[in-house]
Amino acid sequence: MTVPERFRRVPHCDWMKNAFLAIILPIATLAGCAVIPQAERSDGFAGIGETTLVGSAKVRPDAVLEDSRCPMNARCVWAGRVVVDATVTRGGTVERRQFTLGEPSDGLLLDTVEPGRTTDSQLEAADYRFHFSVAQ
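Below or above, wherever it landed, is the structure these notes cover.

1. As for the sheet that holds strand E3 (residues 57-67)
Move 1: Within the open sheet, the four strands sit side by side as E2-E3-E4-E5. Their pairing is antiparallel. Looking along the sheet, the strands with just one partner apiece sit at the ends: strand E2 (52-54) and strand E5 (93-100). The sheet shows a mean angle of 40 degrees between the axes of neighbouring strands, direction not considered.

2. Quick word on the pattern of salt bridges
Two side chains with opposite charge may pair up if their charged atoms get near one another.
Move 1: Within this structure, the stated rule accounts for ten salt bridges.
Move 2: The partner of Arg69 in a salt bridge is Asp67, with the nearest N and O atoms 2.8 Å apart.
Move 3: Judged by its relative accessible area of 11%, Arg69 is buried.
Move 4: Two residues, Arg90 and Asp106, come together in a salt bridge whose shortest N-O distance is 3.5 Å. You can see Arg90 sitting in strand E4 (residues 82-90) and its partner Asp106 sitting in the loop between E5 and strand E6 (108-114), a full 16 residues away along the chain.
Move 5: Taking relative accessible area as the criterion, Arg90 reaches 29% and is therefore assigned partly exposed.
Move 6: What emerges from the salt-bridge pattern is a single network uniting Arg60, Asp62, Asp85 and Arg96.

3. Points about the sheet that holds E6
Move 1: Taken in spatial order, the three strands make up an open sheet running E1-E7-E6, and their pairing is antiparallel. The sheet terminates laterally at strand E1 (45-46) and E6, the two strands that pair on one side only.
Move 2: Note that E1 and strand E7 (residues 129-134) share two bridges and pair antiparallel. What sits directly across from Ala46, in E7, is Phe130.

Parameters at a glance
- Residues numbered from 1 in each chain as written.
- Predicted model: local features only at pLDDT ≥ 70, side-chain atom pairs only at ≥ 80, totals over all residues.
- Heavy atoms only, no water.
- Pairing = 2+ DSSP bridges.
- Helix = DSSP H or I, 4+ residues; strand = E, 2+ residues; numbered from the N terminus.
- Axes fitted to C-alpha atoms, helices over the stretch in contact; angles between N-to-C directions.
- Salt bridge = Lys/Arg side-chain N within 4 Å of Asp/Glu carboxyl O.
- Buried < 20%, exposed > 50% of the residue type's maximum accessible area, 1.4 Å probe, protein only.

Below, the structure written as C-alpha cells:
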C-alpha cells in the first residue's frame, strides 16, 4: 500500500511539531493546576471554605470545632452545641473568630447549622452548611 504524497511525512517540518509540543505541553500541564475561585455568596449561607457576605462583613467558616448537638433520632438531656472556627473580614481587617450556634459574636450570629445529626451517620466537614446573620 502506498501513501499518497500529500500524507507523507515531510522531514523538514519536524521542527514545527517540536516547537508546537514545547509550547503546548507546559501550558496543558499548568492548566491542570489552575485554581478556580468560588463565587462569593451574599445570602449568609456558606460551607467550609466558602465566603458569604453578612451585612458589611465577609465570613468564611474554616472548621467545625465542636458538634455536640443531640441527634434528631435520639433523646438527650442536653441539646448540645456547635462551635465553628471562621475568618471574618470587615473594613480591611481580617480576624479569626469562633462562633457558637445561637450566640451573638461582635454583631454577627451563627443561626443555623445543617444538616442535623443522626445516630446512624457521621457528618463530614463538606456536609455542613451554615447560615450567618447580623445579630439583632
